[in-house]
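# Fold and contact review
Read off the chains here:
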Amino acid sequence: MKDILARILIVDDEDVVLKSCLRILQKLDYEVETAYSGQTALDLMEKKQYDIVLTDLMMPGMDGMQLLEEIKNRYPEVIVIIFTGFATVETARQALKAGAFDYIPKPFTPEELRTVIVNAVKNIKKEKS
C-alpha cells in the first residue's frame, strides 16, 4: 500500500464539483473526503485531521470565507484553498489576506487543481522538515 501524501477535505454544496474533484484527485496518493457545507466540514475536522481543505467560496449557511476563518482559528496548520465561480481580484485578495494558501477560479482544469494540491503538499513537507 502506498503512503498517503495528504488528507484532503473538499467542501462544496454542488455534487458535480465534489465528484469531479474526487475523480481528479483519487488516482493520486491522497486520502480525499467531501462535505456539502462549512459546518459539516468543521464537524469532520473535529473527528479527523486533514492537511488541506479545498472549499468553495459561495455556499449557503457558512460561506468559504467564514469557513477559512474558523479553520485558521482552530487549526492554523491546515492549508486552505478557496475555489469559486465568482472570482474577483477583491475576493482573491480577501481570501489570501485571511490566510488562504491559494485561490482557484471555477471552472478549473484537472491540471490546475492537481498543480495547486501538489504545491500545497510541497509546502506541508517544507513546514515539517
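Residues numbered from 1 in each chain as written. Predicted model: local features only at pLDDT ≥ 70, side-chain atom pairs only at ≥ 80, totals over all residues. Heavy atoms only, no water.

### Details of the confidence of the model for the chain
To keep things clear, this is the line we draw: Residue-level confidence of the predictor is summarised by pLDDT, bounded by 0 at the bottom and 100 at the top. The way it works is that DSSP assigns letters per residue, a run of H or I at least four long becomes a helix, a run of E at least two long becomes a strand, and they are numbered from the N terminus.
Looking at the chain, pLDDT values average 93 and 98% of them are 70 or higher. No element of the chain has a lower mean pLDDT than helix H4 (residues 89–97), which averages 91, and none a higher one than helix H2 (residues 38–47), which averages 98.

### Digging into helix H3 (residues 64–74)
For clarity, the threshold we go by: Exposure classes here rest on a 1.4 Å probe applied to the protein chains alone. A residue is buried below 20% of its type maximum, exposed above 50%, and partly exposed in between. The directions from the helix axis to the C-beta atoms form the arc being described. Residues count as neighbours in contact if any of their non-hydrogen atoms are within 4.5 Å of one another.
Within H3 the residues assigned to the buried category are Gly64, Met65, Leu67, Leu68 and Ile71. Projected down its long axis, H3 carries its buried residues within an arc of 160°, all on one side. In the core, the buried residues of H3 are packed alongside strand S1 (6–11), H2, strand S3 (52–56), strand S4 (79–84) and H4.

### A closer look at unusual backbone geometry
Cis geometry is adopted by the peptide bond preceding Pro107, which originates at Lys106 and carries an omega value of -5°. Of note, Pro107 is situated in the loop between strand S5 (102–105) and helix H5 (110–128).

### Here we look at the sheet that holds S4
Stated formally: One requirement defines pairing of two strands: DSSP has to find at least two bridges between them. Axis lines are fitted to C-alpha atoms, over the contacting stretch for helices. Their N-to-C directions set the angle, which ranges from 0 to 180 degrees.
Spatially, S2-S1-S3-S4-S5 is the arrangement adopted by the 5 strands of the open sheet, whose pairing is parallel. Of all strands in the sheet, those bounded by a partner on one side alone are strand S2 (30–35) and S5. The average undirected angle you get between the axes of adjacent strands in this sheet is 20°. Strand direction decides the pairing type here: S4 and S5, joined by 4 bridges, are parallel. Considered in S5, the bridge of Ile81 is made with Asp102. In this fold H5 packs onto S1, S2, S3, S4 and S5, with an angle of close to 165° to the strand it touches most, S4.

### Details of the side chain of Thr91
With respect to the element layout, Thr91 can be found in helix H4. You can call Thr91 buried: its relative accessible area is 17%. Not counting the four nearest positions on each side in its chain, Thr91 is found in contact with Leu57, Phe86 and Tyr103.

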